[in-house]
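Architecture at a glance
Given next are the chains, with one letter for each unit.
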Amino acid sequence: MIWRSFESEWVKMRRRRLWYGSYGAITAVVVLTTIVTIAGALHHPDARGDLTLAQLAHASGLSQGLTQSGVLLGAVSFSIAAFQFGGEFAQGTLRNLLVRQPRRSVLMAGKCLAVLTFLIGAVVVATMVAICAAFVMAHLRGIPTSEWTSGTGMGDLGILLGDLAISACGFAIIGMIAGVLLRSSVIAIAAGLAVLLPVETILTDAIPGTARWLPAQLLEAIAQGGSATAPFGAALMTVSAYVLGAVVIAMLVFARRDVTA
Amino acid sequence: MVLARLGGIKTKRVDVVLERVGLGARGLDPFRTYSLGMRQRLGIGAALLPGPELLVLDEPTNGLDPHGIAEIRAMLRSFADDGMTVFVSSHLLSEIQQICEHLVVIETGRLIFQGGVEELLAARAPELIVRTESREDAMHLLQLVSSIGRSAHMVGDNGSTTIEIAADCSWAGDLNRLAMADGITLVHLSERRSTLEEAFFEITRSCAGQTVRESDAPRGAGRSDRAAEARTSEAGRP
């Protein structure tokens, strides 16, 4: 049952416009961040501790640019997921889907899995392209890349890829929930991005310690493999609790609310 | 394709259904390029995907232009001819009259009729419409008809030459001979059968304040306890 819902959602996601748009946006974000990070690296360390060319030459150097793309990648993932779910209400297509699959939790679970696999694919593709861009940039800036291709370098890259995928999925699940609760892709994307980006940033700056509790801050920390304020394990646990609670609420609302569109 | 996958229906069936609703050549076109009638047919196609024996449609011709209405009407007729039972809920009684064989009339949640279309139309007797050359002839004919026990009345203003007589077309010949025998020339003679709309008002008026009434039609001829109002069956159309 979930498999059918998963398959049917993938029929929609294979549409060229959505495919090129989403994969293009995510790839652009990750590649751009990688290029900017390598291009902005300093020759010598400064007082602020900004990234240097010497640091980029380490095994983890390849991952440095990708690490910075967490929030932007999350914003795009959130928007795609909110669009996929909110759009069903706004366009009135949800009613047709429910005629074929009346069990709403099954429909939602299949759609959710499809969106997540779509985004994981996008993160993998974006990472591959960003790696190519990183090698080009390293060549241009004279950064030795022998360490990048070492076992340690590849291991770091694999871990980072996993972290980015988890972070993107977290943002996407929040996007789906926003789409289901607000029943409009436009409102969900506008309200969601406003809360996750500027509002959370202001709160984090204004109230010390809140980064440990705010979802976007936690997901950003996960994308970076953990931060000083939110270690990876703690961030993952807290986000998992948030997502679980929100999914339960979204499922209940989706199952009980009348579909009028 | 989305709905076929979701319902576990073979994707080959999509082409069959698109062909069935007349969208075979437009199957790969974007939805936004479809006219309202095509969208309506696509919706009906979606309902046909699992190959139902019973199709329930709510206001299928709503918002369509005359051409689109005719297309939907022909399509529903063809479904019935192929053995499918089509249940149509509609407030457009003229449409219902054209496509349906059995009716269920519901007013303010009460079932007030179920049975054949002809049966409901019979609730209001047919009339002969007669027009004479002059007002005097019309008055004379009215007296003649009334004198032999037929119910008749003048229609229109004082200068009118038109009479309505409670009779069906089988009496038209007798009427013509009666008029001719008295030297009255008829310039128009036709039968006016009641429309479904008139019949509807007739039964809703007569049922006002009463409890649910059902016709003597076979129970299976238009069975429904919901808001569906008309049914096109696989049986031949009258």
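Residues numbered from 1 in each chain as written. Chains lettered and ligands numbered in written order. Predicted model: local features only at pLDDT ≥ 70, side-chain atom pairs only at ≥ 80, totals over all residues.

**What to know about the overall build of chain A**
Scanning chain A from N- to C-terminus turns up eleven helices and zero strands. Listing every helix and strand of chain A by position from the N terminus yields α-α-α-α-α-α-α-α-α-α-α. The C-alpha radius of gyration computed for chain A amounts to 20 Å, which stays within 12% of the reference 18 Å derived for 261 residues, consistent with globular compactness. Once the C-alpha set of chain A is aligned to its principal axes, its extents read approximately 60 × 40 × 30 Å. Among the 261 residues that make up chain A, the fraction classed as buried is 43%. Look at the contacts in chain A between residues 6 or more apart in sequence, and 77% of them connect residues 24 or more apart. (Helix = DSSP H or I, 4+ residues; strand = E, 2+ residues; numbered from the N terminus. Rg over C-alpha atoms; globule rule 2.2 N^0.38 Å. Buried ≥ 20, exposed ≤ 12 C-beta atoms within 10 Å, placed from the backbone. Contact = placed C-beta atoms within 7 Å.)

**What about helix 3 (residues 36–48) of chain B?**
Every α-helix carries 3.6 residues per turn, so stepping three or four residues along brings you back to the same face. Residue and element names in this part refer to chain B. Its 13 residues give helix 3 an end-to-end C-alpha distance of 18 Å, which sits within 8% of 18 Å, the value for a rise of 1.5 Å per residue. Q40, R41, I44 and G45 are the residues of helix 3 that are buried. Down the axis of helix 3, the smallest arc covering the buried residues is 145°, so these residues share one side. (Expected span 1.5 Å × (residues − 1). Arc of directions from axis to C-beta.)

**A closer look at the nonpolar core**
It is characteristic of soluble globular proteins that their nonpolar side chains tend to be buried jointly. By size, the foremost hydrophobic cluster in this structure holds 75 residues, and its most contacted members are L119(A), A168(A), A172(A), M176(A) and I222(A). Other than its neighbours up to four places away in sequence, A172(A) contacts S77(A), F78(A), I80(A), A81(A), V115(A), L116(A) and L119(A). One finds V17(B), I99(B), C100(B) and F113(B) within the second-largest nonpolar core, a separate group that totals 29 residues. (Core = buried A, V, L, I, M, F, W, Y, C linked by C-beta atoms within 7 Å.)

**Details of unusual backbone geometry**
Residues other than glycine seldom take positive phi values, yet R183(A) does so here, at roughly 55°. Structurally, the position occupied by R183(A) is in the loop between helix 8 (151–182) and helix 9 (185–206). Unlike most non-glycine residues, T108(B) shows phi in positive territory, near 40°. Mapped onto the elements, T108(B) comes out in the loop between strand 3 (102–107) and strand 4 (110–116).

**Some remarks on the pairing of strand 6 (residues 152–155) of chain B**
Residue and element names in this part refer to chain B. In terms of strand pairing, strand 6 meets strand 7 (residues 162–165) through four bridges, oriented antiparallel. Across the sheet, residue V155 finds its bridge partner in strand 7, namely T162. From the end of strand 6 to the start of strand 7, which pair antiparallel, there are six residues, and G156 there has a positive phi angle of about 95°. (Pairing = 2+ DSSP bridges.)

**Section: the confidence of the model for chain B**
Residues and elements named next belong to chain B. Per-residue confidence for chain B averages 81 on the pLDDT scale, and 86% of its residues sit at or above 70. Across chain B, element-level confidence peaks in helix 8 (residues 172–181) with a mean pLDDT of 92 and bottoms out in strand 9 (residues 230–232) with 59. Low confidence marks residues 211–228, where pLDDT is under 50. Its contacts with residues over four positions away, or in another chain, come to 31 contacts. Note on residues 234–238: pLDDT is under 50 here. Beyond four places in sequence and across chains, it has eight contacts. Here the predicted complex scores 0.73 on pTM and 0.74 on ipTM. (pLDDT = per-residue confidence, 0-100.)

**Quick word on the sheet that holds strand 7 of chain B**
All names here are of chain B. Pairing is antiparallel in the open sheet, where four strands are placed in the order 6-7-5-8. The sheet terminates laterally at strand 6 and strand 8 (186–192), the two strands that pair on one side only. Averaged over all neighbouring strand pairs, the angle between strand axes comes to 20°, with direction disregarded. Bridge count between strand 5 (residues 127–132) and strand 7: four bridges; the pairing is antiparallel. Bridge pairing in strand 7 places V130 opposite I163. Taken strand by strand, helix 7 (residues 135–147) contacts strand 5, strand 6 and strand 7, and its axis lies near 160° from that of strand 6. Against the sheet, helix 8 engages strand 5, strand 7 and strand 8, with an angle of about 160° to strand 8. (Axes fitted to C-alpha atoms, helices over the stretch in contact; angles between N-to-C directions.)

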